[in-house]
Number of protein chains: 2
Amino acid sequence: MSDQIRRVAIVGGTHGNELTGVYLVKKFEQCPQLIQRASFQSMTLLANPEAIRINRRYLDRDLNRCFAIADLQNSNLNSYEDRRAKAIAAQLGPKVQPNVDVIFDLHSTTANMGLTILPSSRHPFQQQLSAYLSDRYPTVRICYGVQSDQDAPMLRSLTPLGFTLEIGAIAQGILDAQQFQQTEMLIYAILDYLDAYNRNELPPLPSHWTYYQAIAPVDYPRNAAGELQAMVHPQLQFQDYQPLHPGDPMFLTFTGNTISYAGHTTVFPVFINEAAYYEKGIAMILTQKEHLRLDQRTLDKRALDQE
Amino acid sequence: MSDQIRRVAIVGGTHGNELTGVYLVKKFEQCPQLIQRASFQSMTLLANPEAIRINRRYLDRDLNRCFAIADLQNSNLNSYEDRRAKAIAAQLGPKVQPNVDVIFDLHSTTANMGLTILPSSRHPFQQQLSAYLSDRYPTVRICYGVQSDQDAPMLRSLTPLGFTLEIGAIAQGILDAQQFQQTEMLIYAILDYLDAYNRNELPPLPSHWTYYQAIAPVDYPRNAAGELQAMVHPQLQFQDYQPLHPGDPMFLTFTGNTISYAGHTTVFPVFINEAAYYEKGIAMILTQKEHLRLDQRTLDKRALDQE
């Protein structure tokens, strides 16, 4: 990898019913100057055009789970989304030597996660960018997925400098003007940061930063046939990133009984009651909150060569 | 029509991704005593099982627009939903002499409408029930659709004592425990009222009541190709039932320009930014707020014979 950011891709519509990213990409296609910066090239991509057309998450299979290396190499996988994933991997990837340095993949969630950045790796460059953004914009949170390496099946994993940007709570299939503008603001902030990096004019970075590390998903209580038996408890609904202590209410059965969190340590749930995760068997994802000293030794042009 | 309520139907899943009604009906199927009252029979129905199975609003066509008389009689209409509508009309209807006296059809919306009752007619019995509920539960609002006669295409129109119960804001495809419980409470309140009516023990009714009368839908600003050019303005988002004055912000274009409400009278928008209405060309429905004296002359057993 060069010590410069050369090419940046902004991706929307990986899920066809998450309209914030779709319409931001359409805006950038009409006004490309908004995402141009002097020191690198910017491009846009609508990842799942057929899903966008029918306003659904996907046609055959969740596109954002099609980017594992083995799946990309498996020629027997040829659903619409598998074919899209291979085409996108050829365009933005491949993983070993990607054509673009940085990817932002724009998503939204019915969970109340505000603006969340999910990095594709622990690359020092990404840690610095994440620390900067969460310091500068206190509403921005950083969350590492359970699998944050390059064999993860998400589109962001095409490059070690990939990010998923989530915003919520927002229903599928609608635009929320305020959340549209917040996401747009964050994109410009990232582009400006990348440009400053290239020009060796990085702003001061904080000495510490906070992130959330996903530990494990938790499913809804179900019966033997797999049918839901409970809902997220009203005290937990919309409380993403808030502490869940042992014994706190977690679910409420349809008959009105509370099911408490049975873990032994305080956790910080995210993706609470995300609509698209019912079918994945996920009611929420538990995270640990981590405070870390930012490694300042990498604060130079060689940050990109650290891994 | 008899002067007694004899049969009541509680319908869920007319839209397969509005889970509140689906899971309330499943609850009532498992615990039928919850909806039984001494003076009438209660039954439940999941209206669109295939749409529920795939967690979508509908397969081929919006079931809740298939109940116009001409469509029910048109044997050329044979999509999945058209066939379901005919079967449901045979079971609960027909419109001229329905098999059930009262229908509640349970829905949800991404608009911030709280608990809303949409009656199928202006029958005095319905006006009294609506007045009672909105007086007893100040969070319950009454809204008459643009078309509130028996030829309306909604399932509720199978009987002049039909109601749609809406709750929101809630995303499609999720359960919100608080809204589940609020809808459940309202169902029990209606059942208790019907039972009290049959036993001639109606509670005191208010002298006045307030309802919202739909006037006209408003579409999003679109270009010649039909593509969205703007979003609901942040100042209007989630402000269902609040006054919209001439000149107030209504939409925000993707480039950041405000489009104001150009009408000459104050209106009260509902279904603001409902996800399912993008495809119908509806950004919101404007209503007028009406305060009326309740006609107390019909407050007797003959209320059911007034129309």
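Scroll up for the structure.
Residues numbered from 1 in each chain as written. Chains lettered and ligands numbered in written order. Predicted model: local features only at pLDDT ≥ 70, side-chain atom pairs only at ≥ 80, totals over all residues. Heavy atoms only, no water.

Before going further, it helps to examine the sheet that holds strand β8 (residues 230-232) of chain A. Residues and elements named next belong to chain A. The antiparallel open sheet is built from 3 strands, whose spatial order is β8-β9-β10. Among the strands making up the open sheet, the edge pair consists of β8 and β10 (258-260). Each strand of the sheet is rotated relative to its neighbour by a mean of 35°, with strand direction disregarded. (Pairing = 2+ DSSP bridges. Helix = DSSP H or I, 4+ residues; strand = E, 2+ residues; numbered from the N terminus. Axes fitted to C-alpha atoms, helices over the stretch in contact; angles between N-to-C directions.)

What follows is about the interface of chain B and chain A. On the chain A side, the residues contacting the 30 residues of chain B number 30 residues. With both sides pooled, the region where chain B packs onto chain A buries about 2500 Å², and carbon together with sulfur makes up 64% of that total. The three residues of chain B that bury the most area against chain A are B:Leu175, B:Met231 and B:Phe254, which together make up 20% of that side's buried surface. Connecting chain B to chain A are 0 salt bridges. (Contact = heavy atoms within 4.5 Å. Buried area = accessible area lost by both parts, 1.4 Å probe. Salt bridge = Lys/Arg side-chain N within 4 Å of Asp/Glu carboxyl O.)

Residues and elements named next belong to chain B. Its 13 residues give helix α5 (residues 124-136) an end-to-end C-alpha distance of 18 Å, which sits within 8% of 18 Å, the value for a rise of 1.5 Å per residue. Taking burial as the measure, the 13 residues of α5 include 10 buried ones, the bulk of the element. Within α5, burial applies to Pro-124, Phe-125, Gln-126, Gln-128, Leu-129, Ser-130, Ala-131, Tyr-132, Leu-133 and Ser-134. Along its buried surface, α5 packs onto β4 (114-119), β5 (140-144), β6 (161-168), α6 (177-198) and β7 (208-218). (Expected span 1.5 Å × (residues − 1). Buried < 20%, exposed > 50% of the residue type's maximum accessible area, 1.4 Å probe, protein only.)

Moving on: the relation of the copies chain B and chain A. Overlaying chain B with chain A gives an RMSD of 0.0 Å, the required rotation being 180° about an axis along which the chain moves by 0.0 Å. Look at the turn and shift together and you get a two-fold axis relating the two. Distance from the rotation axis, computed per C-alpha, reaches its smallest value in chain B at B:Ala171: 2.2 Å. Most of the interface of chain B is mirrored in chain A, where 100% of its interface residues again form contacts. (Least-squares fit on C-alpha atoms with pLDDT ≥ 70 in both.)

Hydrogen bonding along the main chain pairs the strands of a sheet, whether they run parallel or antiparallel. All names here are of chain B. If you walk across this open sheet you meet the 3 strands as β8-β9-β10, and the pairing is antiparallel. Where the open sheet ends on each side, the last strands, each with one partner, are β8 (230-232) and β10 (258-260). Within the sheet, the average angular offset between the axes of one strand and its neighbour, ignoring direction, is 35°.

Two measures describe an aromatic ring pair: the distance that separates the ring centres and the angle between the ring planes. All chains considered together, the criterion is met by 27 aromatic pairs over all chains. An angle of 40° between the planes, with centres 4.9 Å apart, marks the rings of B:Trp209 and B:Tyr211 as tilted. According to the relative accessible area criterion, B:Trp209 is buried, its value standing at 4%. A connected cluster of aromatic rings, assembled from ring pairs, spans A:Phe125, A:Tyr132, A:Tyr193 and A:Tyr197. For A:Arg122, the ring lying beneath its charged end belongs to A:Tyr144, and the centroid distance is 4.2 Å. (Phe/Tyr/Trp six-rings, centres within 6.5 Å; stacked < 30°, edge-to-face > 60°. Lys NZ or Arg CZ within 6 Å of the ring centre and 35° of its normal.)

Residue and element names in this part refer to chain B. Put simply, helix α1 (residues 19-30) and α6 touch, their axes get as near as 10 Å, and they point 55° apart. Considering the angle they form, α1 stands oblique to α6. When you trace α1 past α6, the crossing you get is right-handed. Listed contacts from α6 to Thr-20, Tyr-23, Leu-24, Lys-27 and Phe-28 of α1 are Gln-179, Phe-180, Thr-183, Glu-184, Ile-187 and Tyr-188. (Parallel < 35°, antiparallel > 145°, perpendicular 65-115°, else oblique. Left-handed = near helix turned anticlockwise from the far one by under 90°.)

Tracing the backbone through its elements, the reader meets B:Tyr197 in helix α6. Here the side chain of B:Tyr197 touches B:Asp3 through a polar contact of 3.4 Å, landing on its backbone oxygen. (Polar contact = N/O pair within 3.5 Å; in protein donor to acceptor, adjacent residues only side chain to side chain.)

Let us now look at the pattern of salt bridges. Evaluated as defined, the whole model comprises 22 salt bridges over all chains. A salt bridge links A:Glu184 to A:Lys27, with the shortest nitrogen-to-oxygen separation between them at 2.7 Å. One end of the pair, A:Glu184, is in helix α6 (residues 177-198); the other, A:Lys27, is in helix α1 (residues 19-30), with 157 residues separating them in the sequence. In this structure A:Lys27 comes out as buried when scored by relative accessible area, which is 10%. B:Asp192 is the salt-bridge partner of B:Arg37, the closest N and O atoms lying 2.7 Å from each other. Remark: B:Asp192 occurs in helix α6 and B:Arg37 occurs in the loop between α1 and β2 (41-46); sequence separation between them is 155 residues. One salt-bridge network, in which partners are shared between bridges, spans A:Glu18, A:Arg57, A:Asp62 and A:Lys280.

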